[in-house]
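Structural features, examined
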Amino acid sequence: MGRRNRAGAASREDRQQGRRFPMGETSPRAEREFDIVLWGATGATGRRAAHHLARRGAENGVSLAIGGRNRAKLETVRDGLAGGDTIAILVGDSLDAAFMHDMTARTRVVVSTVGPFALYGSELVAACAANGTHYCDLTGEPQWMRAMIDAHQDTARRTGARIVHACGHDSIPSDLGVQFLQEAAVARHGKPCRRIANRITRMKGGFSGGTAASFVNAMKVRETDPDFDRLSQDPYALCPEGERDGPDGPDRMMPLEVSWDADLQAWTKPFFMGPMNSKVVRRTNAIMDYPYGRDFTYQETALTRGGIGGWWAAMSYTLFGRALLIAMAIPATRRLLQRRVLPKSGEGPSKEVRETGSYEMVMVGEMPDGTILKARITAQGDPGVRSTTLMLTEAALCLAEDADRIAVGGGFWTPAAAMGPLLRDRITEHAGLSFEMMDDEPG
Ligand SMILES: NC(=O)c1ccc[n+]([C@@H]2O[C@H](COP(=O)([O-])OP(=O)(O)OC[C@H]3O[C@@H](n4cnc5c(N)ncnc54)[C@H](OP(=O)(O)O)[C@@H]3O)[C@@H](O)[C@H]2O)c1
């Protein structure tokens, strides 16, 4: 596939995003009341993020406030926090633009778990962009991310607000894992891999009510938004204008297909969040001016094993995933699943599932000469809540504490583009992740 505008100058967003700033030049005003506001501290992920933030923030004297719409619930959360008596409570509604404006003017960083973000996140992002307040969240909704970039990119660039979506399991391990493998490829062989296949080799855990609500909301939006499917399937949908073409084929949510991975000698099956994570990885490449190359291709699926057993495991999962998608697309079955099966707001996996959960991904990179490099990324804690909230916490702390070490200015960034190795070090040390290279295999 060809690439439109490839030979020409970089797009406006790209040029402006790609600028690097000397230390400190773009930090929002340091003299704000709070370093970090956690918005949505009463939900399934928010409550855990509050604990991690209070504990980690106290180590370094970070001034913290927690916020949400229900004072009684917020007080209960605060009562259980380390150093809770020093933590302020802010009560308001996400849809109240004036409140969002005032709140974001009082803090250097906002970290939000109030989702579905397409329903409750827009006023907050607008306010952060306008007030030069750094921001990170847990969204996995590419349609909304595209809308926010288009609406507030210029403002965020002007005010110095660093806005970083997708700071949970979607999409930090994929985005930082690819960056890690590409750094190793350049260090060892002088070039980046031209192709990376990310295979989820283990995933143990559950998901929360907010994740279910985001899925339900996406299926509802799909019924009325004629652009929904086009954007979902466009692999370059999150790239800057003029840079939305390239060698990768369409992102398909749950195609009825399984494929053989010759490098890992096992069958692969679709991964629900693969299309979303892939868009983030491709955006990182585009907004950083193509450190992975302009012909870079990326694919993210899950791995089963070899033989007929592996094929059947992949096929049965694929059939189940497709059936679930169809059931979620039909309003009557969707309502039934919501009532009877899916977790409700505030609910999530049990403590045991959260703590015994884990995941692993193996990234297979191919160099232009056929040499194969592999990286393994592992994490302790279930991906949907524990690992997600630990990573989100570190992303917020990175935006606050490392503001003067982050090399990019205001604008909409990905985790790898904004924080890269700074965040990788933090999540390795404090969030139970590990990034390691496996042996190279000659082509
Ligand atoms: N990226 C990832 O890997 C990942 C992983 C997990 C979750 N997520 C996403 O994170 C989000 C949160 O998930 P969750 O399970 O924590 O959700 P949840 O349990 O439903 O919590 C939602 C939070 O938002 C608050 N809220 C809702 N509407 C509000 C409003 N109008 N104004 C102020 N606060 C409001 C709720 O307050 P009340 O308590 O007062 O209701 C609660 O604190 C979802 O969008 C989910 O998709 C992403």
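Fair warning: this is a prediction, and the values are worked out from it, not measured in the lab.

Turning our eyes to something else, we now look at the pattern of salt bridges. Scanning all chains against the criterion turns up 26 salt bridges. Between Arg-56 and Glu-394 there is a salt bridge, and its shortest N-O distance comes to 2.7 Å. Taken together, the residues Arg-56 in helix α2 (residues 44-60) and Glu-394 in helix α15 (residues 383-401) connect sequence positions 338 residues apart. The partner of Glu-183 in a salt bridge is Arg-424, with the nearest N and O atoms 2.8 Å apart. Here Arg-424 lies in helix α17 (residues 420-430) and Glu-183 lies in helix α8 (residues 172-189), a separation of 241 residues in the sequence. According to the relative accessible area criterion, Arg-424 is buried, its value standing at 11%. Through salt bridges with shared partners, a single ionic network connects Arg-56, Glu-59, Glu-394, Glu-401, Asp-402, Arg-405 and Arg-426.

Bringing the packing of helix α4 (residues 97-105) against helix α6 (residues 122-131) into the picture now. The interhelical angle for the contact between α4 and α6, taken along N-to-C directions, is 45 degrees, at an axis separation of 8 Å. With respect to their mutual orientation, α4 and α6 come out oblique. Of the two elements, α4 crosses α6, and the hand of that crossing is right-handed. Contact with α4, carried on its side by Ala-97, Met-100, His-101, Met-103, Thr-104 and Ala-105, involves Glu-123, Leu-124, Ala-127, Cys-128 and Asn-131 of α6 and no other residues of that element. Classifying every residue of the contact of α4 with α6 gives seven nonpolar, three polar and one charged.

With that settled, consider the packing of aromatic side chains. Within the structure shown, the criterion is met by eight aromatic pairs. Look at Phe-117 and Trp-144: their rings are 5.7 Å apart centre to centre, the planes differ by 35 degrees, and that puts the pair in the tilted class. Residue Phe-117 is found in helix α5 (residues 117-120), and its partner Trp-144 is found in helix α7 (residues 142-159); the two are separated by 27 residues along the sequence. Residue classification places Phe-117 among the buried residues on the basis of a relative accessible area of 5%. With a relative accessible area of 5%, Trp-144 lands in the buried category. Three or more aromatic residues joined by ring pairs make a cluster, and in this case those are Tyr-292, Phe-296 and Tyr-298.

Right, let's get into the confidence of the model for the protein chain. Per-residue confidence for the protein chain gives a mean pLDDT of 93, with 93% of residues at or over 70. Under a pLDDT of 50 for its full length, residues 1-12 has, in the predicted model, 28 contacts with residues more than four places off or in other chains. Under a pLDDT of 50 for its full length, residues 14-29 has, in the predicted model, 40 contacts with residues more than four places off or in other chains.

This part takes up the domain arrangement of the protein chain. Split into domains, the protein chain comes out as domain 1 (12-168 + 386-422) and domain 2 (172-384 + 433-437). When each unit is reduced to the centre of its C-alpha atoms, the spacing between domain 1 and domain 2 is 24 Å. Tallying the contact residues gives 38 residues for domain 1 and 41 residues for domain 2. Of the roughly 3100 Å² buried between domain 1 and domain 2, counting both surfaces, carbon and sulfur atoms make up 61%. The interface formed by domain 1 and domain 2 holds zero salt bridges in total. If you look at where domain 1 meets domain 2, you find 14 residue pairs in polar contact (both at pLDDT 80 or more). If you list the elements that add at least two residues to the side of domain 1 that touches domain 2, you get α1 (12-18), α2, α5, α7, α15, β13 (411-413), α16 (415-418) and α17. The dominant element in the side of domain 1 that touches domain 2, judged by the number of residues it contributes, is α7, at seven residues.

Conventions adopted
- Residues numbered from 1 in each chain as written.
- Predicted model: local features only at pLDDT ≥ 70, side-chain atom pairs only at ≥ 80, totals over all residues.
- Heavy atoms only, no water.
- Salt bridge = Lys/Arg side-chain N within 4 Å of Asp/Glu carboxyl O.
- Helix = DSSP H or I, 4+ residues; strand = E, 2+ residues; numbered from the N terminus.
- Buried < 20%, exposed > 50% of the residue type's maximum accessible area, 1.4 Å probe, protein only.
- Axes fitted to C-alpha atoms, helices over the stretch in contact; angles between N-to-C directions.
- Parallel < 35°, antiparallel > 145°, perpendicular 65-115°, else oblique.
- Left-handed = near helix turned anticlockwise from the far one by under 90°.
- Contact = heavy atoms within 4.5 Å.
- Nonpolar A, V, L, I, M, F, W, Y, C, P; charged D, E, K, R; others polar.
- Phe/Tyr/Trp six-rings, centres within 6.5 Å; stacked < 30°, edge-to-face > 60°.
- pLDDT = per-residue confidence, 0-100.
- Domains from an automatic or database assignment.
- Buried area = accessible area lost by both parts, 1.4 Å probe.
- Polar contact = N/O pair within 3.5 Å; in protein donor to acceptor, adjacent residues only side chain to side chain.

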